[in-house]
Amino acid sequence: MDACRFCWMCRHICPIGNATGQERNTARARALGLSLVAREAVEYSEDIINNVYECALCGACVKECVTGWDPVAFTKEARLGAALDGKLPPYVLKMVTAVLETGNIYGAKPDDKLTAKIKGLKKSDTLFFLGADARYKTPKNAGEAIDLLLKLGADFTVLENEPDSGYGLDFLVGAAAETKTLFDACAKTLNGYKQVVCYDPADAKVFRREYKEQGIGVDFAILTFTEYLSIMLSNKSVKKSDLVFTPQDSAILARDLEETQPIRDILEKIGRVSEMLCNRRDTMLAGNLIMNEYMPLVMRRVALDRWTNAKNVGAKIVVTESPAEYALLAATKPEGLDVLSLEEAIEKCL
Ligand code: SF4
Ligand code: SF4
């Protein structure tokens, strides 16, 4: 955070700062507050800690930062610091406790219909990993994704008792011992599969990046759902429709995993692509379900801002690869526009 020059060059691209209109929600303001704490000029107070949790870790400021420094890194370190100091806000502690006690940060029960669908699947050495957001917040989408893979003739299975990938805990407290324990347990369950296809980009990111950083070995190939669909569709004949699709690039896919082409290849095969304002690596976040647990009004505003971007480029159908962004875009959808998951878009053209 001391590398921050307080230059403001990242001010305009923060989805949270844009949604709240508050200076405190920019990377610059967060760096300033935390550098005062580091210099022992001020206490690591409740207000500064809350501010640390108002960041979506979306990386837009990292991409823009003129110093080449990483505001996400110091924000995650500050979250870890709050956890180690026993200063986690109650809304964070609730989710941390839930994942350790129930296996998911939402403390939610499995969806009966989704469980029944999973029980009907055969064994395979390809595991389709649904992730916590899809299993507990958008189970209908998870079920539709399974249906599409079956229709495409994919050989895969889904774990009925899928372990938590650790993404949620990594988001909330960074590289704490508890996060590493979850990573370890998940890797032990998944090792032995030939490949793991991640429905949620967030899980692909932790498997590829955070597990590696923590020295957790995985012996399976990691594919995103979009990459897998792109392979599955490469030798399938699909109907090219007149539909015009506008991809909402997931910040995790576009910036962390540098994956932006497979969704376009698929959408060009089934229709036509019309680009969103701020696309590919310049994408803007459209929602985060973990933050929706403690700042739902801001998350609504973030999604509405993205709808404004879509309207401004004349988009009609926005297509997302993220369960979290689907949930928040669907909840705020303006009249005359539509949001589809990638599987819904493909299903329309089979
Ligand atoms: S990571 Fe995203 S949400 Fe956090 S300060 Fe940077 S741009 Fe804003
Ligand atoms: S662009 Fe980088 S150096 Fe400038 S204010 Fe933002 S975080 Fe600080």
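Sequence order as written defines the numbering, with residues in each chain counted from 1. A letter from A marks each chain and a number from 1 marks each ligand, given out in the order of writing. Totals for whole chains, interfaces and linings use all residues, but because this is a predicted model, local features are given only for residues with pLDDT of at least 70 and pairs of side-chain atoms are given and counted only at 80 or more. Only hydrogens and water are set aside; all other atoms, that is, all heavy atoms of the structure, feed into the side-chain values.

Draft legend 1. Spotlight on the site of ligand 2. Any residue with a heavy atom positioned within 4 Å of a molecule or strand is treated as near that molecule or strand. Neighbouring ligand 2 are the residues C4, R5, F6, C7, W8, C10, R28, C65, V66, T67 and P71. The residue classification treats Ala, Val, Leu, Ile, Met, Phe, Trp, Tyr, Cys and Pro as nonpolar and Asp, Glu, Lys and Arg as charged. All others, Gly included, are polar. When its residues are assigned to classes, the shell around ligand 2 shows eight nonpolar, one polar and two charged.

Draft legend 2. Up close: the domain arrangement of the protein chain. Each domain's extent was defined by an automatic or database domain assignment. As assigned here, the protein chain comprises domain 1 (11-87), domain 2 (112-230) and domain 3 (237-347). Each of domain 1 and domain 2 has a C-alpha centre, and the two are 29 Å apart. Contact residues are listed per partner, giving eight residues for domain 1 and eight residues for domain 2. Carbon and sulfur atoms supply 58% of the area that domain 1 and domain 2 bury against each other, a total of about 590 Å² over both sides. For domain 1, the biggest contributors to the area lost against domain 2 are K76, R79 and L80; these three give 62% of the whole. Salt bridge, as used here: a side-chain nitrogen of Lys or Arg that lies within 4 Å of a carboxyl oxygen of Asp or Glu. The interface formed by domain 1 and domain 2 includes two salt bridges. Across the pair D170 and K76 runs a salt bridge whose closest N-O atoms are separated by 2.7 Å. Pairs of N or O atoms within 3.5 Å make up the polar contacts considered here, provided that, within protein, one atom can donate a hydrogen while the other can accept it, and that residues adjacent in sequence are counted only when both atoms are side-chain atoms. Linking domain 1 to domain 2 there are three residue pairs in polar contact (both at pLDDT 80 or more). Should any heavy atoms of two residues lie within 4.5 Å, those residues are counted as being in contact. We define buried area as the total accessible area lost by two parts upon association, computed with a 1.4 Å probe and summed across both.

Draft legend 3. Focus on the site of ligand 1. The local shell around ligand 1 holds 13 residues, among which C14, C55, A56, C58 and C61 are the closest. In DSSP terms, a helix is any run of H or I states spanning at least four residues, a strand is any run of E spanning at least two, and both are numbered starting from the N terminus. For the shell around ligand 1, the secondary structure elements donating two or more residues are helix 1 (15-20), helix 2 (27-38) and helix 4 (60-64). Class assignment of the residues belonging to the shell around ligand 1 gives a composition of 11 nonpolar, one polar and one charged.

Draft legend 4. Geometry of the sheet that holds strand 1 (residues 126-129). Two strands are said to pair when DSSP picks up at least two bridges between them. Read across the sheet, three strands follow the order 1-2-3 without closing on themselves; strand pairing throughout is parallel. Each end of this open sheet is capped by a strand with a single partner; those strands are strand 1 and strand 3 (221-224). Taken over all neighbouring pairs, the strand axes of this sheet differ in orientation by 25 degrees on average, direction set aside. Relative to strand 3, strand 2 (residues 195-198) runs parallel, the two being bridged by four bridges. Paired with V197 across the strands is L223, a residue of strand 3. Against the sheet, helix 13 (residues 225-233) makes contact with strand 1, strand 2 and strand 3, and its axis sits at roughly 85 degrees relative to strand 3, the strand it touches most. Every angle, taken between N-to-C directions, lies between 0 and 180 degrees, and every axis is a line fitted to C-alpha atoms, over only the stretch in contact when it is a helix.

Draft legend 5. Representation of the pattern of salt bridges. Applying the stated rule across the entire model yields 19 salt bridges. Salt-bridge contacts for E54 lead to R24; the nearest nitrogen and oxygen are separated by 2.9 Å. Taken as a pair, E54 in the loop between helix 3 (46-52) and helix 4 and R24 in the loop between helix 1 and helix 2 lie far apart in primary sequence, 30 residues in all. Among the ionic pairs, E162 bridges to R135, the shortest N-O distance being 3.1 Å. A residue pair is termed long-range when its members are at least 10 positions apart, and E162 in the loop between helix 9 (139-151) and helix 10 (167-173) and R135 in helix 8 (residues 132-136) qualify at 27 residues. Here E162 matches R135 in class, with each residue buried. If you follow the salt bridges from partner to partner, you end up with R11, E23 and R28 in one network. The buried label goes to any residue with under 20% of its type's maximum accessible area, the exposed label to any with over 50%, and the partly exposed label to all in between, with areas taken from a 1.4 Å probe on protein chains only.

Draft legend 6. Representation of helix 9. Compared with an ideal rise of 1.5 Å per residue, which puts 13 residues at 18 Å, helix 9 spans 18 Å between its outermost C-alpha atoms and is within 8% of the ideal. Among the residues of helix 9, P139, N141, A142, G143, A145, I146, L148 and L149 are the ones counted as buried. In the segment just after helix 9, G153 is the residue with positive phi, at about 80 degrees. Here, expected helix span is obtained from the residue count minus one, scaled by 1.5 Å.

Draft legend 7. Quick peek at the packing of helix 17 (residues 296-312) against helix 18 (residues 323-331). In the contact formed by helix 17 and helix 18, the axes pass within 9 Å of each other and the chain directions differ by 80 degrees. In this view, helix 17 runs roughly perpendicular relative to helix 18, as classed from their interaxial angle. Here helix 17 contributes M299, R300, A303, R306 and W307 to the contact with helix 18, which in turn contributes L328, L329 and A331. For the contact of helix 17 with helix 18, the per-class residue count stands at six nonpolar, no polar and two charged. Angles are sorted into four bins: roughly parallel if under 35 degrees, roughly antiparallel if over 145, roughly perpendicular if 65 to 115, and oblique for all others.

Draft legend 8. Spatial organisation of helix 5 (residues 71-84). The end-to-end C-alpha separation of helix 5 is 20 Å, in line with the 20 Å expected for 14 residues at 1.5 Å each. The set of residues buried in helix 5 consists of P71, V72, F74, T75, K76, A78, R79, L80 and A82. On its buried face, helix 5 sits against helix 2, helix 3, helix 4, helix 10 and helix 12 (201-213). The N-cap of helix 5, judged by a side-chain oxygen 2.9 Å from the amide nitrogen of V72 a few residues on, is D70. One or two positions beyond helix 5, positive phi appears at G86, with a value near 65 degrees.

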